[in-house]
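Structural overview for review
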Amino acid sequence: MRLAAGTLLSVVVPCFDEEAVIGETHSRLVATLEAVPDLDFECVYVDDGSRDATLETLRNLHRADARVRVLALSRNFGHEIAVTAGLKCAAGDAVVLIDADLQDPPEIIPEMLERWRCGTDVAYGMRTERDGETRFKRWTAGVFYRLLNRLADIPIPLDTGSFRLMDRKVVDAFLAMPERDRFTRAMVPWIGFRQEPVPYRRAARAAGETKYPFGKMLRLAIDGILSFSLAPLRLATWLGFLASGLALAGIAYVLVLRLLTAAWVSGWASLLVAVLFLGGVQLICLGILGAYLGRIYGEVKRRPLYLVKERLGFPPTGRRAMRDEPMED
Ligand code: UDP
Ligand code: MG
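Here's what I pulled together on the structure shown here. (Residues numbered from 1 in each chain as written. Chains lettered and ligands numbered in written order. Predicted model: local features only at pLDDT ≥ 70, side-chain atom pairs only at ≥ 80, totals over all residues. Heavy atoms only, no water.)

This next bit is on a nonpolar patch on the surface. The grouping of F136, W139, V143, F214, L218 and I222 at the surface amounts to a nonpolar patch, some 640 Å² of accessible area in total. Mapped onto the nonpolar patch, the elements with two or more residues apiece are α5 (135-151) and α8 (214-228). Looking at where W139 falls in the secondary structure, it is placed in helix α5. Assessed through its relative accessible area of 58%, W139 is described here as exposed. (Patch = residues over 30% accessible without salt bridge, like charges linked within 9 Å, V, L, I, M, F, W, Y side chains within 5 Å. Areas by Shrake-Rupley, 256 points an atom, 1.4 Å probe, with all protein chains shown as cover. Salt bridge = Lys/Arg side-chain N within 4 Å of Asp/Glu carboxyl O. Helix = DSSP H or I, 4+ residues; strand = E, 2+ residues; numbered from the N terminus. Buried < 20%, exposed > 50% of the residue type's maximum accessible area, 1.4 Å probe, protein only.)

Inspection of the secondary structure puts L29 in helix α1 (residues 22-34). Measuring from C-alpha to C-alpha, the distance between L29 and F241 comes to 56 Å, with 212 residues separating the pair along the chain. Those residues in contact with L29, other than ones at most four positions away along the chain, are V11, V13, C43, Y45, P106 and I109. (Contact = heavy atoms within 4.5 Å.)

Let's shift gears to the pattern of salt bridges. Within the structure shown, the criterion is met by 17 salt bridges. Two residues, K169 and D121, come together in a salt bridge whose shortest N-O distance is 2.9 Å. Remark: D121 occurs in the loop between α4 (109-117) and β5 (122-130) and K169 occurs in helix α6 (residues 168-175); sequence separation between them is 48 residues. With a relative accessible area of 10%, D121 lands in the buried category.

In this section: the packing of helix α9 (residues 231-260) against helix α10 (residues 268-301). Relative to each other, α9 and α10 sit at 165 degrees, their axes nearing to 9 Å. Overall, the two elements α9 and α10 adopt an arrangement that is roughly antiparallel. In this structure, α9 crosses over α10, and the sense of that crossing is left-handed. On α10, the residues that touch A231, P232, L233, L235, A236, L239, A243 and L246 of α9 are F277, L278, V281, I284, C285, I288, L289 and Y292. (Axes fitted to C-alpha atoms, helices over the stretch in contact; angles between N-to-C directions. Parallel < 35°, antiparallel > 145°, perpendicular 65-115°, else oblique. Left-handed = near helix turned anticlockwise from the far one by under 90°.)

This part is about the site of ligand 1. Close to ligand 1 lie 19 residues; E18, D48, D101, T210 and K211 are nearest. Within the side chain of D48, a nitrogen or oxygen atom sits 2.6 Å from a nitrogen atom of ligand 1. Taking A100, its main chain carries an N or O atom lying 2.8 Å from an oxygen atom of ligand 1. Its free accessible area being 530 Å², ligand 1 has 95% of it covered by the protein chains. (Near = heavy atom within 4 Å. Polar contact = N/O pair within 3.5 Å; in protein donor to acceptor, adjacent residues only side chain to side chain.)

Let us look at the nonpolar core. L73, L87 and M166 are the most contacted members of the largest nonpolar core, which has 40 residues in total. For this core, the leading source of residues is helix α3 (residues 79-89), giving six residues. Leave out the neighbours within four places in its chain, and L87 touches V12, V95, L97, M166, V171, F174 and L175. L61, I98, I109 and L312 belong to the second-largest nonpolar core, a separate cluster that totals 35 residues. (Core = buried A, V, L, I, M, F, W, Y, C linked by side-chain atoms within 4.5 Å.)

All right, on to the coordination of the magnesium ion (ligand 2) then. Those protein atoms acting as donors to the magnesium ion (ligand 2) are D101 (OD) and Q103 (OE1), and they sit at 1.9 Å. Neither D101 nor Q103 differs from the other in exposure class; each is buried. (Donors = N, O, S within 2.8 Å, 3.2 Å for Na, K, Ca; no water.)

Attention now moves to α8. Its 15 residues place the ends of α8 21 Å apart at the C-alpha level, agreeing with the 21 Å of an ideal helix rising 1.5 Å per residue. Of all the positions in α8, only L220, A221, G224, I225, L226 and F228 are classed as buried. In this structure, the buried side of α8 is in contact with α3, α5, α7 (184-191), α9 and α10. (Expected span 1.5 Å × (residues − 1).)

Mapped onto the secondary structure, D17 falls in the loop between β1 (7-15) and α1. Residue classification places D17 among the buried residues on the basis of a relative accessible area of 16%. In this structure the side chain of D17 is engaged in a polar contact, spanning 2.5 Å, whose partner is the side chain of R51. Non-local contacts of D17, meaning those with residues more than four positions away in its chain, are made with S50, R51, D52, T54 and K211.

Right, here's the structure in full:
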(Lines give C-alpha, C1' and ligand atoms only; values in the text may rest on other atoms or scores of the structure.)
(Ligands and ions follow the chains in the order given, each with its own letter.)
Protein backbone atom coordinates (compact mmCIF):
# COMPACT_ATOMS: atom_id res chain seq x y z
CA MET A 1 0.00 0.00 0.00
CA ARG A 2 1.45 3.42 -0.92
CA LEU A 3 0.05 6.62 0.44
CA ALA A 4 1.12 10.11 -0.58
CA ALA A 5 4.21 11.06 1.39
CA GLY A 6 3.42 12.88 4.60
CA THR A 7 -0.15 11.57 4.86
CA LEU A 8 -1.32 12.09 8.42
CA LEU A 9 -3.72 9.69 10.09
CA SER A 10 -5.37 10.56 13.39
CA VAL A 11 -6.69 7.81 15.62
CA VAL A 12 -9.32 9.02 18.07
CA VAL A 13 -9.81 6.85 21.15
CA PRO A 14 -12.47 7.74 23.74
CA CYS A 15 -11.52 6.41 27.19
CA PHE A 16 -13.67 6.12 30.29
CA ASP A 17 -12.17 4.13 33.17
CA GLU A 18 -9.90 2.15 30.88
CA GLU A 19 -6.69 2.02 32.96
CA ALA A 20 -6.59 -1.77 32.68
CA VAL A 21 -6.32 -1.84 28.93
CA ILE A 22 -5.14 1.51 27.58
CA GLY A 23 -1.41 0.66 27.62
CA GLU A 24 -1.97 -2.44 25.55
CA THR A 25 -4.30 -0.58 23.21
CA HIS A 26 -1.58 1.97 22.55
CA SER A 27 1.12 -0.61 21.88
CA ARG A 28 -1.11 -2.51 19.45
CA LEU A 29 -2.07 0.70 17.65
CA VAL A 30 1.56 1.78 17.33
CA ALA A 31 2.74 -1.65 16.18
CA THR A 32 0.06 -1.73 13.48
CA LEU A 33 0.50 1.83 12.22
CA GLU A 34 4.29 1.82 12.20
CA ALA A 35 4.15 -1.10 9.80
CA VAL A 36 2.30 1.03 7.21
CA PRO A 37 4.82 2.73 4.87
CA ASP A 38 4.70 6.50 4.32
CA LEU A 39 2.21 7.07 7.11
CA ASP A 40 2.50 9.68 9.84
CA PHE A 41 0.03 9.22 12.62
CA GLU A 42 -1.12 10.71 15.89
CA CYS A 43 -3.19 9.09 18.62
CA VAL A 44 -5.76 11.39 20.17
CA TYR A 45 -6.91 9.96 23.49
CA VAL A 46 -9.97 11.60 24.99
CA ASP A 47 -10.27 11.04 28.71
CA ASP A 48 -14.01 11.24 29.34
CA GLY A 49 -13.84 12.11 33.06
CA SER A 50 -12.43 8.74 34.16
CA ARG A 51 -12.51 8.03 37.87
CA ASP A 52 -9.55 5.66 37.83
CA ALA A 53 -5.92 6.18 36.77
CA THR A 54 -6.69 6.44 33.03
CA LEU A 55 -5.61 10.09 32.78
CA GLU A 56 -2.37 9.41 34.65
CA THR A 57 -1.63 6.49 32.33
CA LEU A 58 -2.33 8.70 29.31
CA ARG A 59 0.03 11.38 30.64
CA ASN A 60 2.75 8.74 30.91
CA LEU A 61 2.07 7.55 27.36
CA HIS A 62 2.39 11.15 26.19
CA ARG A 63 5.71 11.56 27.99
CA ALA A 64 7.06 8.45 26.28
CA ASP A 65 5.67 9.06 22.78
CA ALA A 66 5.34 12.46 21.11
CA ARG A 67 2.59 11.14 18.80
CA VAL A 68 0.25 10.81 21.76
CA ARG A 69 -2.17 13.67 22.31
CA VAL A 70 -4.40 13.75 25.34
CA LEU A 71 -7.61 15.71 25.67
CA ALA A 72 -9.12 15.46 29.14
CA LEU A 73 -12.76 16.52 29.48
CA SER A 74 -13.92 18.26 32.66
CA ARG A 75 -16.27 15.38 33.57
CA ASN A 76 -17.93 12.34 32.03
CA PHE A 77 -19.87 13.54 28.99
CA GLY A 78 -20.54 10.14 27.43
CA HIS A 79 -19.07 8.23 24.53
CA GLU A 80 -20.69 10.18 21.71
CA ILE A 81 -19.54 13.56 23.00
CA ALA A 82 -16.04 12.24 23.73
CA VAL A 83 -15.82 11.07 20.13
CA THR A 84 -16.86 14.50 18.85
CA ALA A 85 -14.30 16.22 21.10
CA GLY A 86 -11.58 13.96 19.75
CA LEU A 87 -12.60 14.53 16.13
CA LYS A 88 -12.50 18.26 16.66
CA CYS A 89 -8.87 18.06 17.78
CA ALA A 90 -7.73 15.58 15.15
CA ALA A 91 -5.56 17.07 12.42
CA GLY A 92 -5.31 14.05 10.10
CA ASP A 93 -6.13 13.77 6.41
CA ALA A 94 -8.12 10.77 7.58
CA VAL A 95 -9.37 9.90 11.06
CA VAL A 96 -10.02 6.50 12.60
CA LEU A 97 -12.47 6.14 15.49
CA ILE A 98 -11.78 3.16 17.68
CA ASP A 99 -12.86 2.01 21.15
CA ALA A 100 -10.24 1.77 23.87
CA ASP A 101 -11.15 -1.73 24.98
CA LEU A 102 -9.65 -3.59 21.98
CA GLN A 103 -13.03 -4.95 20.94
CA ASP A 104 -12.29 -3.31 17.62
CA PRO A 105 -8.96 -4.81 16.52
CA PRO A 106 -6.44 -2.11 15.44
CA GLU A 107 -5.08 -4.64 12.92
CA ILE A 108 -8.07 -3.85 10.67
CA ILE A 109 -6.94 -0.22 10.22
CA PRO A 110 -4.47 -0.97 7.34
CA GLU A 111 -7.37 -2.51 5.41
CA MET A 112 -9.43 0.62 6.01
CA LEU A 113 -6.49 2.72 4.83
CA GLU A 114 -6.27 0.65 1.69
CA ARG A 115 -9.94 1.33 0.91
CA TRP A 116 -9.41 5.02 1.60
CA ARG A 117 -6.45 5.07 -0.78
CA CYS A 118 -8.71 3.57 -3.44
CA GLY A 119 -11.20 6.41 -3.05
CA THR A 120 -13.58 5.34 -0.28
CA ASP A 121 -14.51 8.21 2.03
CA VAL A 122 -15.81 6.17 4.95
CA ALA A 123 -14.63 2.63 5.65
CA TYR A 124 -16.76 1.35 8.51
CA GLY A 125 -16.14 -1.81 10.50
CA MET A 126 -18.93 -4.34 10.20
CA ARG A 127 -19.04 -7.04 12.84
CA THR A 128 -19.40 -10.51 11.48
CA GLU A 129 -19.17 -12.20 14.85
CA ARG A 130 -19.17 -10.89 18.37
CA ASP A 131 -17.27 -12.63 21.10
CA GLY A 132 -17.89 -12.09 24.78
CA GLU A 133 -21.26 -10.37 24.49
CA THR A 134 -24.38 -11.83 25.98
CA ARG A 135 -27.06 -13.28 23.72
CA PHE A 136 -29.44 -10.73 25.17
CA LYS A 137 -27.19 -7.82 24.09
CA ARG A 138 -26.80 -9.27 20.61
CA TRP A 139 -30.53 -9.84 20.26
CA THR A 140 -31.53 -6.38 21.50
CA ALA A 141 -28.91 -4.78 19.25
CA GLY A 142 -30.31 -6.72 16.27
CA VAL A 143 -33.91 -5.70 16.99
CA PHE A 144 -32.92 -2.09 17.53
CA TYR A 145 -30.99 -1.71 14.28
CA ARG A 146 -33.78 -3.24 12.27
CA LEU A 147 -36.34 -0.97 13.91
CA LEU A 148 -34.17 2.11 13.41
CA ASN A 149 -33.69 1.24 9.77
CA ARG A 150 -37.42 0.98 9.19
CA LEU A 151 -38.07 4.29 10.91
CA ALA A 152 -35.15 6.42 9.74
CA ASP A 153 -35.12 8.07 6.37
CA ILE A 154 -31.55 7.02 5.58
CA PRO A 155 -30.25 3.44 5.53
CA ILE A 156 -28.10 2.76 8.59
CA PRO A 157 -25.78 -0.24 8.20
CA LEU A 158 -26.47 -3.16 10.54
CA ASP A 159 -23.88 -4.43 13.03
CA THR A 160 -21.83 -1.29 12.87
CA GLY A 161 -20.48 0.58 15.87
CA SER A 162 -18.30 3.63 15.88
CA PHE A 163 -15.19 1.83 14.54
CA ARG A 164 -14.51 3.49 11.17
CA LEU A 165 -12.11 5.50 9.05
CA MET A 166 -13.33 8.83 7.74
CA ASP A 167 -11.84 11.14 5.14
CA ARG A 168 -11.15 14.75 6.17
CA LYS A 169 -14.16 16.07 4.26
CA VAL A 170 -16.46 13.68 6.13
CA VAL A 171 -14.96 14.69 9.47
CA ASP A 172 -15.48 18.36 8.63
CA ALA A 173 -19.09 17.64 7.63
CA PHE A 174 -19.63 15.72 10.86
CA LEU A 175 -18.26 18.61 12.92
CA ALA A 176 -20.53 21.01 11.06
CA MET A 177 -23.55 19.12 12.43
CA PRO A 178 -24.28 21.08 15.60
CA GLU A 179 -26.82 18.84 17.33
CA ARG A 180 -26.36 17.99 20.99
CA ASP A 181 -27.82 14.50 20.93
CA ARG A 182 -25.21 12.85 18.80
CA PHE A 183 -25.56 9.43 17.30
CA THR A 184 -22.41 8.85 15.31
CA ARG A 185 -23.40 5.60 13.66
CA ALA A 186 -26.40 7.24 12.01
CA MET A 187 -24.94 10.74 11.51
CA VAL A 188 -22.06 9.45 9.38
CA PRO A 189 -24.33 7.56 6.91
CA TRP A 190 -26.41 10.75 6.68
CA ILE A 191 -23.34 12.64 5.39
CA GLY A 192 -23.09 10.47 2.29
CA PHE A 193 -20.08 10.31 -0.07
CA ARG A 194 -18.64 6.85 -0.70
CA GLN A 195 -19.07 4.56 2.30
CA GLU A 196 -18.06 0.90 2.40
CA PRO A 197 -18.10 -1.83 5.03
CA VAL A 198 -14.98 -3.63 6.20
CA PRO A 199 -15.98 -6.92 7.84
CA TYR A 200 -14.23 -7.90 11.08
CA ARG A 201 -14.68 -10.16 14.01
CA ARG A 202 -15.56 -8.25 17.17
CA ALA A 203 -13.47 -9.48 20.06
CA ALA A 204 -14.43 -9.63 23.71
CA ARG A 205 -13.35 -6.72 25.87
CA ALA A 206 -9.63 -7.09 26.66
CA ALA A 207 -10.17 -5.97 30.26
CA GLY A 208 -12.54 -3.93 32.40
CA GLU A 209 -16.31 -3.79 32.15
CA THR A 210 -18.75 -2.45 29.61
CA LYS A 211 -19.67 1.19 30.18
CA TYR A 212 -22.99 0.57 28.48
CA PRO A 213 -25.29 -1.20 30.91
CA PHE A 214 -28.84 -1.89 29.77
CA GLY A 215 -30.31 1.44 30.90
CA LYS A 216 -27.72 3.45 29.00
CA MET A 217 -28.18 1.27 25.91
CA LEU A 218 -31.91 1.89 26.03
CA ARG A 219 -31.38 5.64 26.27
CA LEU A 220 -28.99 5.52 23.33
CA ALA A 221 -31.55 3.55 21.33
CA ILE A 222 -34.33 6.06 22.09
CA ASP A 223 -31.95 8.91 21.25
CA GLY A 224 -31.21 7.29 17.93
CA ILE A 225 -34.86 6.93 17.02
CA LEU A 226 -35.85 10.43 18.12
CA SER A 227 -32.89 11.99 16.28
CA PHE A 228 -33.47 10.26 13.02
CA SER A 229 -37.19 9.78 12.74
CA LEU A 230 -40.48 11.57 13.19
CA ALA A 231 -42.33 8.25 13.12
CA PRO A 232 -43.27 8.41 16.84
CA LEU A 233 -45.11 11.68 16.13
CA ARG A 234 -47.01 9.97 13.34
CA LEU A 235 -47.77 7.15 15.78
CA ALA A 236 -49.53 9.71 17.98
CA THR A 237 -51.79 10.63 15.06
CA TRP A 238 -52.56 7.00 14.29
CA LEU A 239 -53.39 6.31 17.93
CA GLY A 240 -55.80 9.24 17.78
CA PHE A 241 -57.49 7.79 14.69
CA LEU A 242 -57.70 4.39 16.34
CA ALA A 243 -59.32 5.78 19.49
CA SER A 244 -61.77 7.87 17.45
CA GLY A 245 -62.61 4.85 15.29
CA LEU A 246 -63.34 2.73 18.33
CA ALA A 247 -65.47 5.50 19.81
CA LEU A 248 -67.48 5.83 16.58
CA ALA A 249 -68.08 2.09 16.46
CA GLY A 250 -69.18 2.21 20.10
CA ILE A 251 -71.64 5.05 19.40
CA ALA A 252 -73.13 3.18 16.44
CA TYR A 253 -73.48 0.04 18.53
CA VAL A 254 -75.23 1.85 21.36
CA LEU A 255 -77.61 3.68 19.01
CA VAL A 256 -78.51 0.56 17.09
CA LEU A 257 -79.27 -1.28 20.30
CA ARG A 258 -81.35 1.61 21.65
CA LEU A 259 -83.36 2.32 18.50
CA LEU A 260 -83.88 -1.12 16.98
CA THR A 261 -84.14 -3.34 20.03
CA ALA A 262 -85.46 -2.96 23.50
CA ALA A 263 -82.00 -3.49 25.03
CA TRP A 264 -79.79 -0.87 26.75
CA VAL A 265 -76.06 -0.69 27.13
CA SER A 266 -75.80 -0.20 30.82
CA GLY A 267 -73.21 -0.03 33.53
CA TRP A 268 -70.40 2.18 34.67
CA ALA A 269 -67.80 -0.45 33.78
CA SER A 270 -67.96 0.27 30.05
CA LEU A 271 -67.86 3.99 30.81
CA LEU A 272 -64.79 3.60 32.98
CA VAL A 273 -63.01 1.50 30.37
CA ALA A 274 -63.69 4.10 27.68
CA VAL A 275 -62.45 6.96 29.87
CA LEU A 276 -59.32 5.10 30.91
CA PHE A 277 -58.57 4.13 27.31
CA LEU A 278 -58.85 7.70 26.10
CA GLY A 279 -56.80 9.00 29.00
CA GLY A 280 -54.09 6.45 28.24
CA VAL A 281 -53.94 7.36 24.57
CA GLN A 282 -53.73 11.06 25.41
CA LEU A 283 -50.94 10.55 27.92
CA ILE A 284 -48.94 8.45 25.48
CA CYS A 285 -49.25 11.16 22.83
CA LEU A 286 -48.28 13.85 25.33
CA GLY A 287 -45.26 11.79 26.29
CA ILE A 288 -44.17 11.51 22.66
CA LEU A 289 -44.60 15.24 22.16
CA GLY A 290 -42.70 15.83 25.39
CA ALA A 291 -39.78 13.72 24.21
CA TYR A 292 -39.34 15.91 21.14
CA LEU A 293 -39.99 19.10 23.10
CA GLY A 294 -37.30 18.18 25.63
CA ARG A 295 -34.81 17.70 22.86
CA ILE A 296 -35.71 21.06 21.35
CA TYR A 297 -35.18 22.62 24.79
CA GLY A 298 -31.76 21.00 25.01
CA GLU A 299 -30.82 22.36 21.60
CA VAL A 300 -31.99 25.93 22.15
CA LYS A 301 -30.01 26.28 25.37
CA ARG A 302 -26.94 26.15 23.16
CA ARG A 303 -24.57 25.08 25.89
CA PRO A 304 -21.10 23.98 24.88
CA LEU A 305 -21.04 20.28 24.03
CA TYR A 306 -18.19 19.64 26.44
CA LEU A 307 -15.52 21.39 28.49
CA VAL A 308 -11.82 20.61 28.46
CA LYS A 309 -9.68 20.50 31.56
CA GLU A 310 -6.35 19.50 30.10
CA ARG A 311 -4.62 19.22 26.73
CA LEU A 312 -1.32 17.51 26.15
CA GLY A 313 0.72 17.27 22.98
CA PHE A 314 -1.36 19.49 20.70
CA PRO A 315 0.80 21.93 18.73
CA PRO A 316 -0.64 25.44 19.16
CA THR A 317 -0.06 26.65 15.60
CA GLY A 318 -0.79 25.53 12.05
CA ARG A 319 -3.95 24.14 10.56
CA ARG A 320 -5.00 22.53 13.82
CA ALA A 321 -5.21 25.96 15.45
CA MET A 322 -7.53 27.08 12.66
CA ARG A 323 -9.80 24.08 13.05
CA ASP A 324 -9.80 24.08 16.79
CA GLU A 325 -11.41 27.44 17.29
CA PRO A 326 -12.67 27.82 20.85
CA MET A 327 -16.35 27.49 20.02
CA GLU A 328 -17.08 24.31 21.86
CA ASP A 329 -14.30 24.11 24.43
N1 UDP B 1 -16.75 5.47 26.77
C2 UDP B 1 -16.60 6.84 26.99
N3 UDP B 1 -17.51 7.47 27.82
C4 UDP B 1 -18.56 6.81 28.40
C5 UDP B 1 -18.72 5.43 28.13
C6 UDP B 1 -17.80 4.79 27.31
O7 UDP B 1 -15.68 7.46 26.48
O8 UDP B 1 -19.32 7.44 29.13
C9 UDP B 1 -15.78 4.78 25.89
C10 UDP B 1 -15.15 3.53 26.49
O11 UDP B 1 -13.99 3.84 27.21
C12 UDP B 1 -14.84 2.70 25.25
C13 UDP B 1 -15.96 3.10 24.30
O14 UDP B 1 -16.47 4.34 24.76
O15 UDP B 1 -13.61 3.08 24.68
C16 UDP B 1 -17.06 2.05 24.22
O17 UDP B 1 -17.54 1.74 25.50
P18 UDP B 1 -17.80 0.26 25.98
O19 UDP B 1 -16.72 -0.64 25.48
O20 UDP B 1 -18.00 0.28 27.45
O21 UDP B 1 -19.16 -0.09 25.24
P22 UDP B 1 -19.59 -1.51 24.60
O23 UDP B 1 -18.46 -1.94 23.72
O24 UDP B 1 -19.77 -2.44 25.76
O25 UDP B 1 -20.85 -1.22 23.86
MG1 MG C 1 -16.59 -2.20 24.29
